[in-house]
Structure formats: structure tokens, C-alpha cells
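Listed here are the chains, written in short residue letters.
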Amino acid sequence: MTEKKSSSWQDPVVALKFLDERRGAIPFGPEQVGVMLRLVRHFRPEPRHILDLGCGDGFLARALLAEYPQASAVLVDHSEPMLERARLAMATDADRCEIVHGDLRVPLAEFAGRAHADLVVSGFAIHHLPHARKYSLYAEIFDLLAAGGLFINIEHVASVSSEVEALYDAVYIDHISSWTGKDRALVDAEYHGRADKADNILEPVNVQVDWLRKIGFVHADCYFKWFELAVFGGVKP
Ligand SMILES: C[S@@+](CC[C@H](N)C(=O)[O-])C[C@H]1O[C@@H](n2cnc3c(N)ncnc32)[C@H](O)[C@@H]1O
């Protein structure tokens, strides 16, 4: 399949630092997954075919497969170190997982197949795409979903102003420092110097929810938000 220019996520140091130090420290991480599971239970209570875009080690797919023993999942990522960790972390569910090397910058049909999905999820991945590609990806997700299918994006979104962005950075650094026990100044330096920061292309959540509505999703909304961390999505009618 087509592979465009690399991103920092293909660097094993960046990938493993995220998995081993940052994933668990995401503020309200369990609550975000809880909101996702609650939405699934309401809108698509018996999902069979799940797609996890930018899966990392399969954090979201694992939560869904644990909840839905009859479901299978396709996990997509373009980072080989992430995919290696996904193969390990998903080993107990290997019989109902397909782990695919795919780049979200190219059309989904190139790697996600054309079979309809009941549920498409993504965690902190789509904000790495340019805005025009975010929009076209959302439209491709809409096309791929079965009628009544659900899309949920747990995502890093833009602050309303640089002042609120600075406040978000400060509270996030406080959070990582207390979660890891590391000195705050060290966390601050690591946070602001992190290699993947340059890959962030943030867009406000209200803009993205409007895109989903324009594409045709119903019940499209931001269901949870804490500063720059949001859970949003919608249902294909
Ligand atoms: C912050 S991590 C999140 C991983 C996982 N979804 C989670 O919630 O823990 C972002 C993931 O998006 C993937 N990613 C970024 N850009 C991508 C692209 N263009 N195509 C496929 N995956 C991408 C990265 O490799 C990385 O695994």
C-alpha cells in the first residue's frame, strides 16, 4: 500500500514513550473509554465489526472486544513499533483481530476493506491529519459504516485561544507529574520538547462536529470534553 512521508510515531522511542508513560496518564482516560462504551451500548448494542483507526497498541479495541465477545476488530496504524505492541497486547484476542499496516492519509478503502463496520473508533490519531484529510476521512468513515453504525473519536482538539491552550498545557503537566511522580520541571521540559508535538494539527471540536453533521451523521455531538481532550462522533442514519 502507499506509504507517505514518515511521522514521529514511526520512531520506536516516541511510540514506546507514549505507550509506557503517557497513555495511562491521559487525564480522564478511563472516563473517555466509559463514555465510548456507554454510547456503543446505547446506539449499537451488539457490534460485530469494529474498526480502530490509529490503534496504537489497540487500547480502544481491547476495551471493546472485552465488552463484546461476539465482535471482531480491524486495527490500523502506520507505525511498525505500535503494530508490534498491538500484536503482543492483542494476543489473547488474536482470533478476532486483524492488525493492519495502513496510513490514514490515503483512502480507507486501500487498507480497511469495503465490508461495512458497525463501529468505527479512533483515539488521539486523526488530529495528525491535515484538516481537509480529516474531513474526507470522516466522509469515508460514514460511507464504510452500516446503517445505524456509530463513529466515536476520542481526540485532542484545539483550545479556543492561546491563553486557554497554555492553561491546558499547565494542568496536563501537573497531571503527568503527579501521575508519574516525576519532577514537574522535568515533565514540563519533556512535554514541550516532545518529538510528536510538531505532528499535531488541532481543530476545535465544534468545527469537527459540524463537519460530521454536514456529512450526514445524526446525534453528532461532543459528548465529553476536558480542555483539549474530547469525545465526539455521530451515528449513520
Ligand atoms: C497518540 S497515539 C494513540 C494510540 C491509540 N489510539 C490510543 O488511543 O492509545 C496516535 C496513534 O496514531 C497513529 N497515527 C498517526 N498518524 C497516522 C497515520 N497517518 N496513519 C495511521 N496511523 C497514524 C500513530 O502511529 C499512533 O499509534
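Our structure is the block above this text.
Everything quoted here is computed from the prediction, not taken from an experiment.

Novice: Lay out the overall build of the chain in plain terms, naming residues and giving numbers.
Specialist: Across its full length, the chain holds eight helices and seven strands. When its C-alpha atoms are laid out on the principal axes, the chain stretches across 50 × 35 × 35 Å. Of the contacts made within the chain by residues no fewer than 6 positions apart, 71% connect residues no fewer than 24 positions apart.

Novice: Explain the nonpolar core to me, and be specific about the residues and the numbers.
Specialist: Core analysis: the largest hydrophobic core is formed by 63 residues, its most contacted members being Met36, Ile50, Ala73, Leu75 and Val120. Other than its neighbours up to four places away in sequence, Leu75 contacts Asp52, Cys55, Gly58, Ala61, Ala86, Cys97, Ile99 and Val100.

Novice: For the pairing of strand 7 (residues 229–235), give the residues involved together with the corresponding values.
Specialist: Counting buried positions over the seven residues of strand 7 gives seven, a clear majority of the element. Note that strand 5 (residues 145–156) and strand 7 share seven bridges and pair antiparallel. Paired with Asn153 across the bridge in strand 7 is Phe232. Pairing of strand 6 (residues 218–226) with strand 7, which is carried by six bridges, proceeds in the antiparallel orientation. Looking across to strand 7, one finds that Cys222 is bridged to Phe232.

Novice: Could you give me a rundown of the sheet that holds strand 4 (residues 117–123), with the residues and numbers involved?
Specialist: Sheet architecture is open: seven strands sit in the order 3-2-1-4-5-7-6, paired in mixed fashion. Every interior strand has two partners, whereas the edge strands, strand 3 (97–101) and strand 6, have only one. Recorded for the sheet is a direction-independent mean angle of 15° between the axes of neighbouring strands. Relative to strand 5, strand 4 runs parallel, the two being bridged by six bridges. Looking at strand 5, one finds that Val121 is bridged to Ile152. Packing against the sheet, helix 2 (residues 29–43) makes contact with strand 4, strand 5, strand 6 and strand 7, and its axis sits at approximately 170° to strand 5.

Novice: Give a description of the environment of Ala158 that names residues and reports values.
Specialist: Looking at the element boundaries, Ala158 is found in the loop between strand 5 and helix 6 (162–180). The exposure class of Ala158 is buried, given the 20 C-beta atoms found within 10 Å. Separated by 60 residues in the primary sequence, Ala158 and Val218 have C-alpha atoms spaced 23 Å apart. Residue contacts for Ala158: discarding those within four places in its chain leaves Leu202, Glu203 and Pro204.

Novice: Lay out the site of the ligand with the relevant residues and their values.
Specialist: The environment of the ligand is made up of 20 residues, and the closest members are Trp9, Gly54, Gly56, Gly123 and Ala125. Taken together, the residues of the shell around the ligand sort by class into nine nonpolar, seven polar and four charged.

Novice: Please set out unusual backbone geometry residue by residue, giving values where relevant.
Specialist: With a phi angle near 55°, Phe124 is a residue other than glycine that sits in the positive phi range. Residue classification places Phe124 among the buried positions, given that 21 C-beta atoms sit within 10 Å. Even without being a glycine, His219 presents a positive backbone phi close to 55°. On the secondary structure map, His219 appears in strand 6. Residue class for His219 comes out partly exposed when judged on the 15 C-beta atoms lying within 10 Å of it.

Procedures and definitions
- Residues numbered from 1 in each chain as written.
- Predicted model: local features only at pLDDT ≥ 70, side-chain atom pairs only at ≥ 80, totals over all residues.
- Helix = DSSP H or I, 4+ residues; strand = E, 2+ residues; numbered from the N terminus.
- Contact = placed C-beta atoms within 7 Å.
- Core = buried A, V, L, I, M, F, W, Y, C linked by C-beta atoms within 7 Å.
- Buried ≥ 20, exposed ≤ 12 C-beta atoms within 10 Å, placed from the backbone.
- Pairing = 2+ DSSP bridges.
- Axes fitted to C-alpha atoms, helices over the stretch in contact; angles between N-to-C directions.
- Near = placed C-beta within 6 Å.
- Nonpolar A, V, L, I, M, F, W, Y, C, P; charged D, E, K, R; others polar.

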